[in-house]
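# Examining the three-dimensional arrangement
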Amino acid sequence: MTSATATRTRPAARVCAGAGCAGGRRPAPGRRLCPDCVARLADALRRLPDLYESCGRLLDGGGRDRTRPRTTGGPPRGLPFNAHAAEVRTEILAVLGSWAGAVVTERAVPAPPRAVPSLCAFLAGHLRWLPAHDAAGEFSAELDRLVRRARRVVDPEVRRRVRVGACVEQGCAGALTAVLAARQSPAAAVIRCDRDPAHHWQGHEWLRLSRRLDDAPDVAGVPPARTVRWLTAADIARLWGISTGGAYRHASRSEWRRCRRHGRTYYHGEDVARTLDARGTPR
């Protein structure tokens, strides 16, 4: 927690301060978070107790289910202590405890037990007050970070999310997020709108989607210049769901245009799309 006890002297928020907000959304009167980000907070508080327990089951390094009877006096030999799981558990308890302490101090209410389920339930009970606090943005960011860190420990294969921009469909106020597979996963990326499930694109459609984003006219109605997209072999593997070796083979056979930057090779996005879209992205 950074500034949950800050003095409230700032004017009412004009845009949402939430960590999961793409920007531009307006919070309800008297609040600093939009309804979607308040819902995201509620979801994080529901998930953190299970994530905390899941990290606990990983402490001996083996991912053993601690709910089952133990047949020995300690963890099996050779299984390392999972420092990342321990750090995340410590951080979850510390952050939740800090914010609960701020609520107790500022609202003069009884303190909850210092246990993750109790702290989450306590904070969830104050979700009408916390989004109006000056530090609501920090609260949102810290809970969002806790969930992401815990998920990475519990499931190393979890997909990474990258913001792309505003939805390109006419009249949609949603934001686009690219969901990228872990490095070792063959699954392709997916780009989704957070408002309309019908607005989604596969990773290999990203280039066409980016052109739609680029082609949007500026405030004077002038179309911008077309941007060349340069992709690494790792980018290509994630977007099209192929191996990096397959990307290198296609680059050689199809003679993709390339450039070198800071010791890395980048391939011309139009050449990549032309080859892989036409060939059905074989591995």
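Residues numbered from 1 in each chain as written. Predicted model: local features only at pLDDT ≥ 70, side-chain atom pairs only at ≥ 80, totals over all residues. Heavy atoms only, no water.

Take the pattern of salt bridges next. Tallying each qualifying case throughout the model produces 11 salt bridges. One salt bridge connects Asp-43 with Arg-47, and the closest N-O pair in it is separated by 3.6 Å. Taken as a pair, Asp-43 and Arg-47 lie in helix α1 (residues 35-56) at a separation of 4 residues, close to a single helical turn. Accessibility expressed as a relative area gives 33% for Arg-47, which makes it partly exposed. Across the pair Glu-91 and Arg-145 runs a salt bridge whose closest N-O atoms are separated by 2.1 Å. Taken together, the residues span a long stretch of sequence, with Glu-91 in helix α2 (residues 83-107) and Arg-145 in helix α4 (residues 136-154) at a distance of 54 residues. Owing to a relative accessible area of 17%, Glu-91 belongs among the buried residues under this scheme. Where salt bridges share partners, they join Glu-87, Glu-91, Arg-145 and Arg-149 into one cluster. (Salt bridge = Lys/Arg side-chain N within 4 Å of Asp/Glu carboxyl O. Helix = DSSP H or I, 4+ residues; strand = E, 2+ residues; numbered from the N terminus. Buried < 20%, exposed > 50% of the residue type's maximum accessible area, 1.4 Å probe, protein only.)

Turning our attention to the packing of α2 against α4. Running from N to C, α2 and α4 point in directions that differ by 160°, and their axes come no closer than 10 Å. Taken together, α2 and α4 sit at an angle that is classed as roughly antiparallel. For the pair α2 and α4, the sense of crossing is left-handed. Contacts between α2 and α4 involve His-84, Ala-85, Glu-87, Val-88, Glu-91, Ile-92, Val-95, Leu-96 and Trp-99 on the former and, on the latter, Glu-138, Phe-139, Glu-142, Leu-143, Arg-145, Leu-146, Arg-149, Ala-150 and Val-153. Residues that form the contact of α2 with α4 fall into these classes: 11 nonpolar, 1 polar and 6 charged. (Axes fitted to C-alpha atoms, helices over the stretch in contact; angles between N-to-C directions. Parallel < 35°, antiparallel > 145°, perpendicular 65-115°, else oblique. Left-handed = near helix turned anticlockwise from the far one by under 90°. Contact = heavy atoms within 4.5 Å. Nonpolar A, V, L, I, M, F, W, Y, C, P; charged D, E, K, R; others polar.)

Our next topic: the environment of Arg-151. Within the secondary structure layout, Arg-151 lies in helix α4. By relative accessible area, which is 23% here, Arg-151 ends up partly exposed. Residues Arg-151 and Cys-55, spaced 96 residues apart in sequence, show a C-alpha to C-alpha distance of 8.9 Å.

Let us look at the nonpolar core. Formed by 42 residues in total, the largest nonpolar core has its most connected members in Leu-48, Ile-92, Leu-96, Leu-123, Leu-130, Phe-139 and Leu-143. Elements with a minimum of two residues in this core: α1, α2, α3 (116-124) and α4. Residues in contact with Ile-92, not counting those within four places in the same chain, are Leu-48, Tyr-52, Val-116, Leu-146 and Ala-150. Residues Ala-233, Ala-247, Ala-251 and Leu-276 belong to the second largest nonpolar core, which totals 13 residues. (Core = buried A, V, L, I, M, F, W, Y, C linked by side-chain atoms within 4.5 Å.)

As a further point, take the pairing of strand β7 (residues 264-268). As defined by bridge partners, strand β5 (residues 230-231) adjoins β7 across 2 bridges and the pair is classed as antiparallel. Counterpart to Leu-231 in the pairing with β7 is Tyr-267. The loop that links strand β6 (residues 258-261) with its antiparallel partner β7 comprises 2 residues; one of these, His-262, has a positive phi angle of about 50°. (Pairing = 2+ DSSP bridges.)

On to the packing of α1 against α2. α2 packs onto α1 with a crossing angle of 145° between their chain directions and a minimal axis gap of 9 Å. Both α1 and α2 take part in a crossing whose hand is left-handed. Each of Leu-45, Leu-48, Tyr-52, Glu-53, Cys-55 and Gly-56 in α1 lies in contact with α2, whose residues at this interface are Ala-85, Val-88, Arg-89, Ile-92, Leu-93 and Leu-96. Here the contact of α1 with α2 is built from residues that sort into 9 nonpolar, 1 polar and 2 charged.

Before going further, it helps to examine the confidence of the model for the chain. Summarising the model, the chain shows a mean pLDDT of 76, and 69% of its residues fall at 70 or more. Mean pLDDT across the secondary structure elements of the chain bottoms out at helix α5 (residues 206-215), with 65, and peaks at α3, with 96. Every residue in residues 62-80 is under pLDDT 50, and counting partners more than four places away or in other chains gives 19 contacts. Across residues 217-225, confidence stays below pLDDT 50; counting only partners more than four residues off in sequence or on other chains, it has 6 contacts. (pLDDT = per-residue confidence, 0-100.)

What follows is about α4. Given a rise of 1.5 Å per residue, 19 residues ought to cover 27 Å, and the 27 Å separating the end C-alpha atoms of α4 matches this to within 8%. Those residues of α4 lying buried are Ala-136, Gly-137, Phe-139, Ser-140, Glu-142, Leu-143, Asp-144, Leu-146, Val-147, Ala-150 and Val-153. Looking at the packing, one finds that the buried side of α4 touches α1, α2 and α3. (Expected span 1.5 Å × (residues − 1).)

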